[in-house]
Each structure stands twice: as C-alpha cells, then as structure tokens.
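Summary of the model geometry
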Amino acid sequence: MNEDKTVQRKIEHIDLCINSEVEYSKSAGFEKYEFKHNAVTSISYEKLDLSRLFLDKKIDFPFLISSMTGGANESLNINKKLAEVAACLNIPIGAGSQRHVLESNTYDESFSVLRKIAPNVPIFSNLGISEVISLYNSNQLNITNKLVELLESDAFYIHLNTAQELFQVEGNKDFSNLLESIAELVNTIKIPVFIKEVGNGIDYNAAKQLLELGVKGIDVAGSGGTNWQLIEMKRSGIINEEFLEWGLPTTYCVKEVNKLKTEYDFFIIASGGIKSGIDIAKSFALGADFAASANIILKSIINSGVDLTVKNIKDWFDDVKRVMFLTNANRIEDLRNDKLIKIGELY
C-alpha cells in the first residue's frame, strides 16, 4: 500500500477513536457475574502482592497497555505518553501495527520511543495477519526481525482483524495461508509469538488451532470495547447494521479459552471492554492471566494526562486487591476457585 495512504489511515483511526462513538452497544459480559463475598476471609490486605515475572522481567501489575498506534506524526506524542505510563507503573506495553516500518523508516521514532522511555518493561512488536501472510507468500518473513530490533521487543503480537479488513475500503479479503504463515513466523523469530484479536474475540476452537502452532499467548480481545468494523464503516460512510455487533463477548472468550490450560502452557490476556478494577478481577476469575485496555487508556492520556492515567490504573488494581481480600484470595490465581457466580443464580 502507498505510504501516504497508510499514514492517512492511521490518522483517521486515531481521530475516530478519540472523537467519535466507536464502541459496541453490547457489553463484554462482566455485569453478568458477581463475586461471592466471604464473611470469614483470613487475608492480610497489606500483604497482597500483584507483581510477577512476565517474559523474564518483573512487572508490578498483571496489566498490559494494549497495542494502539505508530507510523504517523500524531503517533509519536501518543506513544511517548503511553510509554511514560508503562514505565511509571512497570507494566508491559504493545506497539501499534508496525506495517509502516516495512514500507519506510520515516516514522520509526514513533515506535522506538517506547523502548527509549520504558527501557525495563516487556514490549510487544505488532504486525497484522494480512502483512504476515503477504511476507509468507513472498518468502520474506525474516524481515520481521527488523521490527523486533527496532523495539528490542520481548514478544511479538500478530493481530487478527478479519472483520475490520472486510469492512475497510482498502482492506484485504484473502486470508489464504493464515495458519501456515503464523506457524512459519513462530519458527522464524526468536521471541514468543502472541495472537490477539481486535474486538471480535477468539473462541476455544480458534485458540486450539493457534496453540498447536506454538503460539505462547492468546489475547482474546472480545467484543464490548472498541468496534473496528464500525470504525471502518464510518471511514467509508457505509453502515451495515447487520454486522455492527458482530463478535464474541470478552467474558465468553476468556472462559472458553481457559479450558485449554489443561493441554497447553500459555498466557491468556483479557481485553475488550475492560473499564474497571472489578472487570479486571472478573477476567482473572474467569481464567485470564493478564488484562489489557487500549481506547480507554488512549482517551485518558489525551484528556487527563499521564499522571491521572497512572493513578486511575493504580486505583483499578487497588480494587482488584479489595476483591481478593473480600473473597479470601491470597493470589490472583485463587480468584479462579469458585469466586464468581452468575447473576441469575442470586435471585
């Protein structure tokens, strides 16, 4: 694709995410669950510790600033602020799609700034499945090492965005060799490969096929948050009402993908409609190892600044600790031990 068109599309995406209503009408499903209060909790609140090792680095919270942007002038300032948040909280961060790096080095700094400002946190490189397939078909997957070197990445995201591409005017609609290209990339680069959706969700069967290829993490990115088919419909001016709500809710995806933990060793990241500490705690209870958010963080740094964004995320995890205290969970993993109940069972 022409470089100028790629940059313009990124600018339009940023503008729509910040200034337009682009979320699903349906929810991620977190409100369908309640935690079971434990009247005889034996937890010391002050001793609760949320830090852990991730990708061989110690992080302070099991939370990832999800992939957003890069490859445009507007992206540089945004990524500086996102990296400041990640560095302050000592949490992982994902780069936006690095497609532009394959086309030009004009905006490389909009990506490399992440490592410059956040030198000690895990960083994800990121490329869309369309580009991965294209590189696979032309025997050029080795070029992805350039993306890793630019960020000194700890892991590599491949984002699956078939619904977005379907409704994007410039979108790719041929996903032949999808699984083959992912398998080849897993064998090409030396860092773990994670797969993420962008808002339509990953179910049990899709996750199982991906894990069979050697993928080390699944970011379910379910529906309930940013709606990328709606964004592309707004860009084109053609709204297809029948597909506005297409996608699997985040809670369903986490619950289903968690069933594969008995067969595979991998990370589950819950994203798509994560808007509070209670949502995060519920995602952990359903089986997620990490939670992630994108647009709510983007709007926060734009409208409120870095310091308040850092405070908000800390407040979220104070609420996670409160949930742990009130459900008698010493560790995040303990939240999975029959701590949730469906609302319908309460009344």
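Above this text you will find the structure in question.
Each value, and the rule that gives it
- Counting restarts for each chain: residues are numbered from 1 in the order of the written sequence.
- Under the rules for a predicted model, residues below a pLDDT of 70 receive no local features and side-chain atom pairs below 80 are neither given nor counted, while totals for whole chains, interfaces and linings still include all residues.
- Side-chain metrics in this entry use all non-hydrogen atoms of the structure; hydrogen atoms and water are not considered.
- Only DSSP runs of H or I reaching four residues or more are called helices, and only runs of E reaching two or more are called strands; each is numbered from the N terminus.
- For the radius of gyration, the atoms used are the C-alpha atoms, and the globule rule reads 2.2 Å times the number of residues raised to 0.38.
- The buried label goes to any residue with under 20% of its type's maximum accessible area, the exposed label to any with over 50%, and the partly exposed label to all in between, with areas taken from a 1.4 Å probe on protein chains only.
- Contacts are assigned to residue pairs with any non-hydrogen atoms lying within 4.5 Å of each other.
- Accessible areas in this description were obtained via Shrake-Rupley with a 1.4 Å probe; residue shielding takes into account the shown protein chains only.
- By the counting rule applied here, Lys and Arg register as positive and Asp and Glu as negative, while His and the ends of each chain are not counted.
- Charge coordinates come from a single atom per side chain, which is NZ of Lys, CZ of Arg, CG of Asp or CD of Glu.
- For every element, the axis is a line fit to its C-alpha atoms; helices are fit only across the contacting stretch, and the angle between N-to-C directions ranges from 0 to 180 degrees.
- To sort the angles, those under 35 degrees are grouped as roughly parallel, those over 145 as roughly antiparallel, those from 65 to 115 as roughly perpendicular, and the leftovers as oblique.
- Helix crossings are classified by the rotation of the near helix relative to the far one: an anticlockwise turn of less than a right angle makes the crossing left-handed, while a clockwise turn makes it right-handed.
- Gly counts as polar in this scheme, as do all residues outside two lists: the nonpolar Ala, Val, Leu, Ile, Met, Phe, Trp, Tyr, Cys and Pro, and the charged Asp, Glu, Lys and Arg.
- Nine residue types can take part in a nonpolar core, namely buried Ala, Val, Leu, Ile, Met, Phe, Trp, Tyr and Cys, and a core is a set of them joined through side-chain atoms within 4.5 Å.
- Each C-beta atom gives one direction from the helix axis, and the arc is the one those directions make.
- For each structure, a 1 Å grid was placed over the protein atoms alone; sets of points admitting a 1.4 Å probe that cannot get out are labelled cavities, open sets with protein on both sides within 12 Å along at least five of seven lines are labelled pockets, and lining residues have an atom within 4 Å of a point.
- Grid points are joined across faces, edges and corners, and a volume is the space filled by probe spheres set on the points.
- Any two strands with at least two DSSP-identified bridges between them are counted as paired.
- We call a crossover right-handed when, viewed with both strands directed away from the observer, the connection leading from the first strand over the helix to the second proceeds clockwise.

**Comments concerning the overall build of the protein chain**
Looking only at helices and strands, one finds 14 helices and twelve strands in the protein chain. Taking 2.2 N^0.38 as the reference for a compact globule, 347 residues should give roughly 20 Å; the C-alpha atoms of the protein chain span a radius of gyration of 19 Å, in line with that estimate. For the C-alpha atoms alone, the extent of the protein chain along its principal axes is close to 65 × 45 × 40 Å. For the protein chain, the residues scored as buried account for 57% of the 347 residues in total. For the protein chain, contacts bridging at least 24 residues in sequence account for 79% of all contacts bridging at least 6. When the accessible area of the protein chain is evaluated, it comes to approximately 14900 Å², of which 47% is carbon and sulfur surface. With 37 positive and 47 negative side-chain charges, the protein chain shows a separation of 4 Å between the mean positions of the two kinds.

**Looking at the packing of helix 2 (residues 73–89) against helix 14 (residues 306–326)**
Where helix 2 contacts helix 14, the axes come no closer than 10 Å and their chain directions differ by 45 degrees. The angle between helix 2 and helix 14 falls in the class oblique. By crossing handedness, the relation of helix 2 to helix 14 is classed as right-handed. Here Lys 81, Glu 84, Val 85, Cys 88 and Leu 89 of helix 2 come into contact with helix 14, specifically with Val 306, Thr 309, Val 310, Ile 313 and Lys 314. The residue inventory of the contact of helix 2 with helix 14, partitioned by class, reads six nonpolar, one polar and three charged.

**A word on the nonpolar core**
Soluble globular proteins tend to bury their nonpolar side chains together. Ranked by internal contacts, the top residues of the largest apolar core, which has 91 residues, are Phe 63, Phe 156, Ile 158, Ile 195, Ile 218 and Phe 317. The element that contributes the greatest number of residues to this core is helix 14, accounting for eight residues. Contact partners of Ile 218, with chain neighbours within four places excluded, come to Ile 195, Ile 202, Ala 207, Leu 210, Leu 211, Val 257, Phe 266, Phe 267, Ile 268 and Ile 269.

**A word on unusual backbone geometry**
Phi at Asp 56 is positive, roughly 70 degrees, even though this residue is not glycine. Positionally, Asp 56 belongs in the loop between strand 2 (52–54) and strand 3 (57–59). A relative accessible area of 80% means that Asp 56 is categorised as exposed. Positive phi outside glycine occurs at Ala 221, with the angle close to 40 degrees. With respect to the helices, strands and loops of the structure, Ala 221 is situated in the loop between strand 9 (217–219) and helix 10 (228–236). Given a relative accessible area of 4%, Ala 221 falls into the buried group.

**Some thoughts on helix 6 (residues 144–151)**
All of the buried residues along helix 6 are Thr 144, Leu 147, Val 148 and Leu 151. Projection of helix 6 onto a plane perpendicular to its axis shows the buried side chains occupying an angular sector of 95 degrees, all on one side. Where helix 6 is buried, its residues meet helix 3 (99–103), helix 4 (109–117), strand 6 (123–128), helix 5 (129–137), strand 7 (155–160) and helix 8 (178–188).

**Digging into the layout of surface pockets**
As a volume, the largest pocket reaches approximately 240 Å³. Listed by contribution, the elements that provide at least two residues to the lining of the largest pocket are helix 8 and helix 9 (204–212). In terms of residues, the lining of the largest pocket owes the most to one element, helix 9, which gives three residues. For the lining of the largest pocket, the per-class residue count stands at eight nonpolar, five polar and one charged. In this structure, the second largest pocket occupies an estimated 170 Å³ of space. If you go around the second largest pocket, the residues you meet are Arg 99, Leu 102, Glu 103, Glu 131, Ser 134, Leu 135, Gln 140 and Ile 143. Of all the elements in the fold, those that place two or more residues in the lining of the second largest pocket are helix 3 and helix 5. Here the residues of the lining of the second largest pocket sort into three nonpolar, two polar and three charged.

**Some thoughts on the pairing of strand 8 (residues 193–197)**
Here strand 8 lies mainly inside the structure; five of its five residues are buried. Burial along strand 8 is two-sided: Val 193, Ile 195 and Glu 197 and Phe 194 and Lys 196, pointing in opposite directions, are all buried. Where strand 7 lies against strand 8, five bridges are found, and the strand directions are parallel. Opposite Tyr 157, over in strand 8, you have Phe 194 as the bridge partner. Examined bridge by bridge, strand 8 and strand 9 share three bridges and lie parallel to one another. Each residue of the ladder has a partner; that of Ile 195, found in strand 9, is Ile 218. Following the backbone out of strand 8, through helix 9 and into the adjacent parallel strand 9, one traces a crossover that is right-handed.

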